[in-house]
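# Architecture and fold: a report
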Amino acid sequence: MGWSYRKSIKLGPFRLNLSRHGVGQSFGNRRFHVSRGPDGRMYVTLYLPGGLHVSKAVGKRSRRYRH
């Protein structure tokens, strides 16, 4: 059985996301945000009316993190 941990700290439009895999960062508002995960991969997400969202990974994954 796996375990997980996640804590999010909001600093204005910035957010630090702490998890068991490391620290991630995100920036944005309710409709659009850019985030970088602990593995170094960057995501751009657009939230649409009606609860829909589109997310796209941008860039390459860092080699310092493996599952």
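The structure contained in this document is the topic of the report that follows.

A few words now on the overall build of the protein chain. Secondary structure summary: the protein chain contains zero helices and six strands in total. Counting every position in the protein chain, which comprises 67 residues, the buried fraction comes to 16%. In the protein chain, 4% of the contacts between residues at least 6 apart in sequence involve partners at least 24 apart.

Turning our attention to the environment of Ala57. Here Ala57 lies in strand β6 (residues 53-58). Distance in space between the C-alpha atoms of Ala57 and Met42 is 5.8 Å, their sequence separation being 15 residues. With residues up to four places along the chain from it excluded, the contact list for Ala57 reads Arg41, Met42 and Tyr43.

This model, assessed by the stated rule, comprises one aromatic pair. For the pair Phe14 and Phe27, a centre-to-centre distance of 5.0 Å together with 40° between the ring planes defines the contact as tilted. On the criterion of sequence distance, the pair formed by Phe14 in strand β2 (residues 14-19) and Phe27 in strand β3 (residues 22-28) is long-range, its members being 13 residues apart. Judged by relative accessible area, Phe14 falls into the partly exposed class, the value being 49%. Since its relative accessible area comes to 42%, Phe27 is described here as partly exposed.

This part is about the pairing of strand β5 (residues 42-47). Strand direction decides the pairing type here: strand β4 (residues 32-36) and β5, joined by five bridges, are antiparallel. Its bridge partner lying in β5, Phe32 is registered against Leu46. Where β4 folds back on β5, the antiparallel hairpin that results is connected by five residues, among which Gly40 adopts a positive phi of roughly 95°.

What counts and what doesn't
- Residues numbered from 1 in each chain as written.
- Predicted model: local features only at pLDDT ≥ 70, side-chain atom pairs only at ≥ 80, totals over all residues.
- Heavy atoms only, no water.
- Helix = DSSP H or I, 4+ residues; strand = E, 2+ residues; numbered from the N terminus.
- Buried < 20%, exposed > 50% of the residue type's maximum accessible area, 1.4 Å probe, protein only.
- Contact = heavy atoms within 4.5 Å.
- Phe/Tyr/Trp six-rings, centres within 6.5 Å; stacked < 30°, edge-to-face > 60°.
- Pairing = 2+ DSSP bridges.

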